[in-house]
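A closer look at the structure
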Amino acid sequence: MSKVKVSLSDQTVSDIERLVEQGEFINQDQAIEDLLKRGVSAYNTTEESTESALDDQMFGQTAADQQDPAMQDDDYGF
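First things first, this report covers the structure right here in the doc.

Some words on the overall build of the protein chain
Secondary structure assignment for the protein chain yields three helices and zero strands. Helices (α) and strands (β) of the protein chain occur, in sequence order from the N terminus, as α-α-α. Of all 78 residues assigned to the protein chain, the portion counted as buried reaches 4%. For the protein chain, the exposed surface amounts to about 7500 Å²; the carbon and sulfur share of it is 50%.

Observations regarding a nonpolar patch on the surface
A surface patch of nonpolar side chains, amounting to about 280 Å² of accessible area, comprises Val-4, Val-6 and Leu-8. Mapped onto the elements of the fold, Val-6 is located in the segment before α1 (10-21).

Some points on α1
In this model, α1 (12 residues) spans 16 Å end to end at C-alpha, consistent with the 16 Å of a helix rising 1.5 Å per residue. Residue Gly-23 follows α1 closely and has a positive phi angle near 90°.

Things to note about the pattern of salt bridges
Using the criterion set out here, one finds three salt bridges in the structure. The shortest N-O distance in the salt bridge between Glu-33 and Lys-37 comes to 3.4 Å. Residue Glu-33 and its partner Lys-37 are both found in helix α2 (residues 28-41); the two are separated by four residues, about one turn of the helix. Arg-38 is the partner of Asp-34 in a salt bridge, and the nearest nitrogen-oxygen pair spans 3.0 Å. Here Asp-34 pairs with Arg-38, and both are found in helix α2, just four residues apart, close to one helical turn.

Basis of the calculations
- Residues numbered from 1 in each chain as written.
- Predicted model: local features only at pLDDT ≥ 70, side-chain atom pairs only at ≥ 80, totals over all residues.
- Heavy atoms only, no water.
- Helix = DSSP H or I, 4+ residues; strand = E, 2+ residues; numbered from the N terminus.
- Buried < 20%, exposed > 50% of the residue type's maximum accessible area, 1.4 Å probe, protein only.
- Areas by Shrake-Rupley, 256 points an atom, 1.4 Å probe, with all protein chains shown as cover.
- Patch = residues over 30% accessible without salt bridge, like charges linked within 9 Å, V, L, I, M, F, W, Y side chains within 5 Å.
- Salt bridge = Lys/Arg side-chain N within 4 Å of Asp/Glu carboxyl O.
- Expected span 1.5 Å × (residues − 1).

Keep in mind these values describe shape, not function.
So, in structure tokens, the structure goes:
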């Protein structure tokens, strides 16, 4: 397991200590590790979700967002 040194605000340390005191976590180390895991997982760091997001962007247009080329006001000067 890798070790990382972080600096936390007094408020964050107080919040973590409160969670430990309330029995949410066994100790501060477990609390910090679990909270970091939850935070990282919230960003969906897997490659599958990135591909899914690209699919949504490419094919996610609704019919209302699409424009018929015949309806464009392009003036070609004929």
